[in-house]
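# Commentary on secondary and tertiary structure
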Amino acid sequence: MKSNPYIRSFVGGVVSPSMVSRIDDATRDHGLASCRNMLILPEGIAASRPGTRYVRAAKNADKKARMIPFRYSSTQTTALEFGEAYIRFHSFGATLLTPTSGVSAWSAVPTYSAGDLVTYGGFTWVAVEDVPANKQPDLFEYGSGTPVVTSTWVESSALSLTPPSGYTYVGTELPASVTIGQQVYISTTVYVFTLITVTEHGITYYEEAMVPQTQYIGYTGTAGAGASGDYWYQLGVPYEIPSPYAEQHLMDLHYVQSGDVLTIVHPEYAPRELRRLSATAWVLAEIDFGSTLTAPTISAVTPTTATTPSDLQTYSYVATNVSDDQADESVASAAVTASNQIFDTGALNTITFGAAGRRNVYRLSGGLHGFIGQTITTTLVDDNIAPDVAKTPPTNSDPFATDWPAAVTYWGQRRGFGGTTLLPQTFWLTKAGTESNLDSSIPVRDDDAVSLKIAAREAATIRHLVPLGGLVVLTSSGEFTIKADGPVSPTTLRRPPDQGYIGASNVQPVVVNTDLVFAGARGGHIYGMGANFAITDNQGYVAVDMSVRAPHLFDFKTIRDMAFVRAPTPIVWLVSSDGSLIGLTYVPTEEVRAFHTHFTVNGEFESICAVAEGDEDIVYAIVKRTIDGATVRYVECLAPRFYTLNTAAFFVDCGATYSGTAATAISGLDHLEGETVSILADGGVVQPQVVASGAITLAVAASVVQVGLPLTRELRTLPVAVENVPGFGQGVAKSICEMAVRVLESGAWLYGSEITRLFEVPGRTDENWGSPPDLRNGYEDVTMPAGWDDDGQAYIIAADPTPLTVASILKQVEFGG
């Protein structure tokens, strides 16, 4: 018996072997057993993943780094490389470098602003904070030492060396300037502690061995002593700024961006802002919580009494400075009193300030200072104005002085923080219209800061805050949706009901249109929350396991990082703990959820981010590779999918492009030294070569040459199951006789029913020799080698650095008796 099963699309993506017998599942008809280094597009075709371009080696080959996106505008984006104690900047496949000209020499006379560049002592320096006059850079304090970080000790919130409970100091005392946890070491010698554990008679004793290490000078964010100090940071060729983050904390940094400010939080570090001053000037600084305005000073309160005053009273006044847009208000000034009786005719009190400015004035009434008026001059006259005790001066609040948040967001014209170490189930929203003011008033005002604790049945450390209809709170053990009855204020928030009990990992989630995608706290799966999963308006959303049809991609693994590409194809990219990338083509409105997997030769993906560059979103990655026998870490980015000339096809990894006058010697390949590389020269495939002395030599000169590690792409169909055969053809031997494969703009590819026995569909047909082969379109009819097995699966593989796009597969299958 024969049948012709037709795979007309691949929108089911990779399907788990455990789903093979689920013939009733509609996804199976559009699924694949494997889809390696191929993208599933929303229209259902499978297309080659673009290769990765080499950007630059990460600063430290032996330490992990993290990629974080920065999107200033649609045309100005940057991929940030966060490594231990530094941040570097990459954009459009290149790295921001220190200017080689136009940088003025340091002078002792002027003051400098954070981000300014100077030259001094033969080096270029960047100001990491505002620099007063006569504070020159100092080569001793900012040398090129290696960060010394130890996990032996718990980092203390006081930024001083504090041993864990039960541990004691032994031997020489520490130098006072050493800090563990923020990795700031200003002393000549740095000591790293190694715990020695001894158990005797059932009692465990701890000792510490002090080991001197190479000096490392970090940035403390405080002024240095004398003429030199902590104001300057020495730059190498790549432009970079110092940061306090240790390697082991990089992947747990959470962030949110507004305009040119990226807010970064981690429970071991004070919250910080990365500010883009210009395309070539950046500053990282701690956030000052509270009003940006200082309290004014009341110069005097002058009483004017009646001609015949009655019983005198004491009047107490305070004042606040107010921004012109009324959004920010300082804390109250010191109280100033006057003796008078302003109920008397003609009596009044004149409140005087040393200079004009916009100020609110308050008078004590019933135990509270109530509002009596606003002035923009130097005085305000109180002629028995009734105090409005519903409006009182704000009270300063800084919950993050020593207890730092793990989550950050923007919601309702406020910046939000949540999940501190001491208050893991509490989140805070700043005053309306402000980003760092957590002040409040008595009684509560609508624009006051907000504080709310999640009441959960289980311990629920807040890990993420995401605005999505309301405010979605993802915790370590559950999900909640907070909504407001009107504008967000302390009185309009509704305490959230429990939404689910999945729990989220520390991986920063992504928003796809109106859906939220996050990694589960346990089990390694990913989940979706969104309008298509809504249960009722009152209950909000419920988390749905999105990996249920491909659990083999996630089981016994974890997701390490996540990014979302909007254009040209909506794909959620996931970094797996096995070093691979998992792609999820996700179009909720079309119910497209297709997984595909991606691997790279001699390498593991460790971190990714996505930024817009031109008409596409480009993925940047930290890739750990073994090159010429050595471990390296590279910053690489996916090449664009769209190109107009076949010579621009880029289907190699860790690759580079030569474009210019026709040449045979192609250099600039030091990052691939000793490796066998694939080559595409002027659109034609060239035999692989081994890179020697950073170069290869072509037999024929070419103008456009793509060189990089080979990128093999693979499709494997699911076992055959058809309705017009008894038992859907299960449990009987099968043989694929022929296949008709519809391809679009494709080069050479291989096919077969066994991975060890493949046959080629050549890329060249009748083109003239000396010209590159034309790309193929339409059906390719191939005859399969004779053979029988139980599944009737087929492989389609592309090994050359040319594109492959498969639209459909029609098989002719013969079934045994």
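Everything quoted here is computed from the prediction, not taken from an experiment.

### Some details on the overall build of the chain
A tally of regular secondary structure across the chain gives 0 helices and 61 strands. Within the chain, counting contacts between residues at least 6 apart in sequence, those at least 24 apart form 63% of the total. Put simply, the chain shows about 34200 Å² of open surface, and 51% of that area lies on carbon and sulfur atoms.

### Observations concerning the packing of aromatic side chains
Applying the stated criterion across every chain, the model contains 18 aromatic pairs. Considering the side-chain rings of Tyr 245 and Tyr 269, the 4.9 Å spacing of their centres and the 70° angle between planes classify their relative orientation as edge-to-face. Pair noted here: Tyr 245 is in the loop between β19 (240-242) and β20 (254-258) and Tyr 269 is in strand β22 (residues 269-278), with a separation of 24 residues, a long-range link. Comparing Tyr 245 with Tyr 269 shows no difference in burial state: the two are buried. On the numbers, 6.0 Å between centres and 35° between planes, the contact of Tyr 751 with Phe 759 is tilted. Given the relative accessible area of 9%, Tyr 751 is considered buried. Taken together through their ring pairs, the aromatic side chains of Phe 70, Phe 89, Tyr 239 and Trp 282 make up a single cluster.

### Digging into a nonpolar patch on the surface
A surface patch of nonpolar side chains, about 270 Å² in accessible area, is lined by Tyr 6, Tyr 779 and Leu 810. One can find Leu 810 in strand β61 (residues 805-815).

### Side note on the pairing of strand β44 (residues 559-565)
Regular strands place their side chains on alternate faces of the sheet. Within β44, 6 of the 7 residues are buried, leaving the element largely enclosed by the surrounding structure. Relative to strand β45 (residues 571-576), β44 runs antiparallel, the two being bridged by 6 bridges. Note on β45: the bridge partner recorded for Asp 561 is Val 575. Taken together, β44 and the strand that follows it, β45, pair antiparallel across an intervening segment of 5 residues.

### As for the confidence of the model for the chain
Mean pLDDT over the chain stands at 85; residues scoring 70 or higher make up 85%. Confidence drops under pLDDT 50 across residues 204-228; counting only partners more than four residues distant or on other chains, this segment forms 97 contacts. Contacts for the low-pLDDT stretch residues 532-538, under 50 throughout, to residues beyond four places or in other chains number 14 contacts.

### Quick notes on the side chain of Thr 263
Assignment of secondary structure puts Thr 263 in strand β21 (residues 261-266). Side-chain polar atoms of Thr 263 contact the side chain of Arg 415, separated by 2.6 Å. Discounting residues that sit within four places of it in the chain, Thr 263 has contacts with His 254, Tyr 255, Val 256, Arg 272, Glu 273, Ile 287, Val 408, Tyr 410, Arg 415 and Phe 417.

### Observations regarding the nonpolar core
Generally speaking, soluble globular proteins have nonpolar side chains that are buried together. Grouped together as the largest cluster of nonpolar side chains are 49 residues, with contacts concentrated most on Val 517, Ile 526, Val 572, Met 739 and Trp 749. What Val 517 contacts, discounting residues up to four positions off in sequence, is Pro 509, Val 510, Val 512, Ile 526, Tyr 527, Met 546, Met 562, Val 572 and Tyr 586. Counting residues in each nonpolar core, the second largest holds 37 residues, with Met 67, Tyr 239, Tyr 255 and Cys 609 among its members.

### Focus: the sheet that holds strand β18 (residues 232-235)
Strand order across the open sheet formed by 3 strands is β12-β13-β18, with antiparallel pairing between neighbours. Looking at the sheet topology across the chains shown, the edges are occupied by β12 (117-120) and β18. Going across the sheet, the axis of each strand differs from the next one's by a mean of 40°, ignoring polarity. Pairing between strand β13 (residues 123-127) and β18: 4 bridges, direction antiparallel. For Thr 124, the partnering residue across the bridge sits in β18 and is Leu 235.

### Re the pattern of salt bridges
Under the definition given, this model contains 21 salt bridges. Residue Lys 59 is joined to Glu 240 by a salt bridge in which the shortest nitrogen-to-oxygen separation is 2.7 Å. Within this pair, whereas Lys 59 is found in the loop between β7 (52-57) and β8 (66-71), its partner Glu 240 is found in strand β19, the two being separated by 181 residues in sequence. According to the relative accessible area criterion, Glu 240 is buried, its value standing at 5%. The salt bridge involving Arg 275 is made with Glu 273; its shortest N-O contact spans 3.0 Å. Taking relative accessible area as the criterion, Arg 275 reaches 36% and is therefore assigned partly exposed. The class of Glu 273 is buried, set by a relative accessible area of 9%. Taken together, the shared-partner salt bridges connect Glu 329, Lys 431, Arg 445, Asp 447 and Asp 448 into one network.

### Comments concerning the sheet that holds strand β28 (residues 359-365)
Strand order in the open sheet made by the 4 strands is β26-β25-β28-β29, with antiparallel pairing throughout. What marks the edges here is a single partner per strand, and that holds for β26 (336-340) and β29 (368-375). Put simply, the sheet's adjacent strands are angled 30° from each other on average, direction ignored. Sheet topology places strand β25 (residues 313-321) next to β28; 5 bridges connect them, and they run antiparallel. In the sheet register, Tyr 317 faces β28, and the bridge partner there is Arg 363.

### Brief notes about the environment of Pro 387
Locating Pro 387 in the fold gives a position in the loop between β30 (379-382) and β31 (407-411). Linking Pro 387 and Gly 366, residues 21 residues apart in sequence, is a C-alpha distance of 9.7 Å. Not counting chain neighbours up to four residues away, the residues in contact with Pro 387 comprise Arg 363, Ser 365, Gly 370, Phe 371 and Ile 372.

### With respect to a negative patch on the surface
On the surface, Glu 754, Asp 789, Asp 790 and Asp 791 cluster together into a patch of negative charge. Position of Glu 754 relative to the elements: it lies in strand β57 (residues 749-754).

### As for the pairing of strand β42 (residues 526-529)
The two faces of β42 match: Ile 526 and Gly 528 on one face and Tyr 527 and Met 529 on the other face are all buried. Here strand β41 (residues 515-519) hands over to β42 after 6 residues, with Gly 523 in that stretch at a positive phi of 90°. Relative to strand β43 (residues 544-545), β42 is paired through 2 bridges, and the arrangement is antiparallel. Each bridged residue has a counterpart across the sheet, and for Tyr 527 the counterpart in β43 is Asp 545.

The rules we used
Residues numbered from 1 in each chain as written. Predicted model: local features only at pLDDT ≥ 70, side-chain atom pairs only at ≥ 80, totals over all residues. Heavy atoms only, no water. Helix = DSSP H or I, 4+ residues; strand = E, 2+ residues; numbered from the N terminus. Contact = heavy atoms within 4.5 Å. Areas by Shrake-Rupley, 256 points an atom, 1.4 Å probe, with all protein chains shown as cover. Phe/Tyr/Trp six-rings, centres within 6.5 Å; stacked < 30°, edge-to-face > 60°. Buried < 20%, exposed > 50% of the residue type's maximum accessible area, 1.4 Å probe, protein only. Patch = residues over 30% accessible without salt bridge, like charges linked within 9 Å, V, L, I, M, F, W, Y side chains within 5 Å. Salt bridge = Lys/Arg side-chain N within 4 Å of Asp/Glu carboxyl O. Pairing = 2+ DSSP bridges. pLDDT = per-residue confidence, 0-100. Polar contact = N/O pair within 3.5 Å; in protein donor to acceptor, adjacent residues only side chain to side chain. Core = buried A, V, L, I, M, F, W, Y, C linked by side-chain atoms within 4.5 Å. Axes fitted to C-alpha atoms, helices over the stretch in contact; angles between N-to-C directions. Lys, Arg positive; Asp, Glu negative; His and termini not counted. Charge placed at Lys NZ, Arg CZ, Asp CG, Glu CD.

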